[in-house]
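# Commentary on secondary and tertiary structure
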Amino acid sequence: MTSKINIFATGVTGYIGGSVLARLLEHPDAGSFHVTALVRSEEKANKLKALGVNAVVGTHSELGLIKDLASEADVVIAMADADNIKVVHAILQGIKERHTKIGAPSILIHTVHVGVLADNAEGKHKTDIIYDDADPAQLELLPPTQLHRNVDLELLEADKEGYVKVYIIAPSTIYGIASNKLVDEGIQNPHSIQIPALIAASLDRGQGGMVGEGKNLWPNVEIAELADLYIKLLDAINSESFPGHGREGFYFGENGEHSLYEVGKAIAEALVELGKGKSTEPTPFTKEEIDKYFGGSAYLGSNSRCRGNRSRSIGWKPVKTTKDMLASIKPEVEALIKRNYKPQEGKL
Ligand SMILES: NC(=O)c1ccc[n+]([C@@H]2O[C@H](COP(=O)([O-])OP(=O)(O)OC[C@H]3O[C@@H](n4cnc5c(N)ncnc54)[C@H](OP(=O)(O)O)[C@@H]3O)[C@@H](O)[C@H]2O)c1
């Protein structure tokens, strides 16, 4: 038992976390992992226990519990909420306590978002600024006021102190309906956030939409391939090949990029084909629609361009491209219509 690697994971009933946990459970070394997961639903906790996961029922409000669970883990994988700084503090506190006891640093893999790179283009133009995860000096130029950046900065500071090795995975627009054992068992949310939000808004207005002219660019990554990135990183850490951490520990999840127009167009076409849309050309969301569907934020009209060179340096080899992302849209629209999926303001 003592040689097992204790992994504490959050967000495992979610789109990212479930996809990663499913991969951990079928990992060739699964027998050497002892996975503890914090989940809100008792029913899902019981299903996870049946799969061999030590599921603990609790929420992000239970900071003492989170601290204790982090203090018992060799590896913490945070996949629930990029921005909950109180949870980050509780995890770091638990890790620090463990360090005081055993004198060795723990591993923290934290999920953020390439939204940290976002500008305020409002769909009017693209940018030529492309961030490289293998270029820490460039990333250090990001102002502390950028979205999610407050969390990054605290994590980087903790890594510098030496009691934790911090690895930050920043996925881009994740796409595709997750398909794995946890989805089959009704444990995991199979849908992403950004494209479903655009689809839900478009269904509601009966027309594919975009922010401004949709000229802004974002990268994309397929969900199973993103889960691979977490596994490749964990494997690299466990094999002691010393992947970069701290300021050298950003791992972007991307393989290709798209303009918002392209996504709006694919949604508009799918809606027309399914008898739910007026035209195959996306139209700009009005101010009222941006208020109604996206809480007044033009975030979807931002640019966020990056290259995952560090991610690829640890052997991550995504093959799905923007063409696959665009092809995923019609099945996503069909699935969301079946689920009667409504705009969920505040989720972006
Ligand atoms: N999807 C994307 O394209 C994308 C891209 C980059 C980064 N991200 C970021 O990654 C994170 C996870 O995204 P996701 O797409 O996996 O979202 P998701 O499917 O909504 O999953 C969120 C997970 O967090 C759990 N959670 C939420 N609030 C909680 C609370 N108060 N206490 C305990 N657990 C809580 C949820 O539990 P329940 O099942 O109980 O709700 C679920 O397991 C978010 O911060 C998101 O911004 C997402």
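Residues numbered from 1 in each chain as written. Predicted model: local features only at pLDDT ≥ 70, side-chain atom pairs only at ≥ 80, totals over all residues. Heavy atoms only, no water.

Positionally, Leu 51 belongs in the loop between α2 (42-50) and β3 (54-57). Distance in space between the C-alpha atoms of Leu 51 and Leu 25 is 8.1 Å, their sequence separation being 26 residues. Non-local contacts of Leu 51, meaning those with residues more than four positions away in its chain, are made with Leu 25, Lys 181, Leu 182, Glu 185 and Ile 187. (Helix = DSSP H or I, 4+ residues; strand = E, 2+ residues; numbered from the N terminus. Contact = heavy atoms within 4.5 Å.)

This paragraph deals with the environment of Asn 220. Considering the arrangement of structural elements, one finds Asn 220 in strand β10 (residues 217-222). Here Asn 220 falls in the buried class, since its relative accessible area comes to 0%. For Asn 220 and Val 75, which are 145 residues apart along the polypeptide, the C-alpha to C-alpha distance reads 27 Å. Ignoring sequence-local partners within four residues, the contact set of Asn 220 consists of Ser 172, Thr 173, Tyr 175, Glu 254, Asn 255, Gly 256, Glu 257, His 258, Thr 321, Thr 322 and Met 325. (Buried < 20%, exposed > 50% of the residue type's maximum accessible area, 1.4 Å probe, protein only.)

Moving on: the layout of surface pockets. One number sums up the size of the second largest pocket: a volume of about 360 Å³. Lining the second largest pocket are 17 residues, with Pro 105, Ile 107, Ile 237, Asn 238 and Glu 240 sitting closest to its centre. Put simply, the parts of the chain that give the lining of the second largest pocket at least two residues each are α4 (85-102), β5 (106-111), β7 (164-171) and α9 (223-238). Among the residues making up the lining of the second largest pocket, the classes are represented as 10 nonpolar, 3 polar and 4 charged. (1 Å grid on protein atoms, 1.4 Å probe; cavity = no way out; pocket = protein on both sides within 12 Å on 5 of 7 lines; lining within 4 Å. Points joined across faces, edges and corners; volume = space filled by probe spheres on them. Nonpolar A, V, L, I, M, F, W, Y, C, P; charged D, E, K, R; others polar.)

Our next topic: the pattern of salt bridges. Throughout the structure, instances matching the rule amount to 23 salt bridges. Across the pair Glu 97 and Lys 67 runs a salt bridge, and its minimum N-O distance is 3.0 Å. One end of the pair, Glu 97, is in helix α4; the other, Lys 67, is in helix α3 (residues 63-71), with 30 residues separating them in the sequence. Overall, Glu 97 belongs to the partly exposed group, its relative accessible area being 33%. Given a relative accessible area of 17%, Lys 67 falls into the buried group. By sharing partners, the salt bridges in this structure join Arg 23, Glu 26 and Asp 228 into a single network. (Salt bridge = Lys/Arg side-chain N within 4 Å of Asp/Glu carboxyl O.)

Bringing the sheet that holds β3 into the picture now. Two strands in a sheet stick together by hydrogen bonds in their backbones, pointing the same way (parallel) or opposite ways (antiparallel). Pairing is parallel in the open sheet, where 7 strands are placed in the order β3-β2-β1-β4-β5-β7-β11. Lying at the two open borders of the sheet, with one neighbouring strand each, are β3 and β11 (250-253). Direction aside, the axes of adjacent strands within the sheet are offset by 20° on average. Taken together, the 4 bridges between strand β4 (residues 75-78) and β5 define a ladder with parallel strand orientation. Among the inter-strand pairings, Val 76 is bridged to a residue of β5, identified as Leu 108. The strands that α3 touches are β1 (5-10), β2 (33-39), β3 and β4; relative to β2, the one it contacts most, it runs at about 170°. (Pairing = 2+ DSSP bridges. Axes fitted to C-alpha atoms, helices over the stretch in contact; angles between N-to-C directions.)

Take the side chain of Ser 71 next. Considering the arrangement of structural elements, one finds Ser 71 in helix α3. From its side chain, Ser 71 meets the backbone oxygen of Asp 68 in a polar contact 2.7 Å long. Beyond its immediate stretch of four places on either side in the chain, Ser 71 contacts Gly 94, Glu 97 and Arg 98. (Polar contact = N/O pair within 3.5 Å; in protein donor to acceptor, adjacent residues only side chain to side chain.)

Now for the nonpolar core. Judged by nonpolar contacts, the single largest core of 43 residues is most densely connected at Ile 7, Leu 48, Ile 109 and Tyr 230. Within the residue set of this core, elements represented by two or more residues are β1, α1 (15-25), β2, α2, β4, β5, β7 and α9. Other than its neighbours up to four places away in sequence, Ile 109 contacts Val 76, Ile 77, Ala 78, Tyr 167, Ile 169, Tyr 230, Leu 233, Leu 234 and Ile 237. Counting 38 residues, the second-largest nonpolar core is a separate cluster that includes Ile 91, Leu 155, Leu 156 and Ala 158. (Core = buried A, V, L, I, M, F, W, Y, C linked by side-chain atoms within 4.5 Å.)

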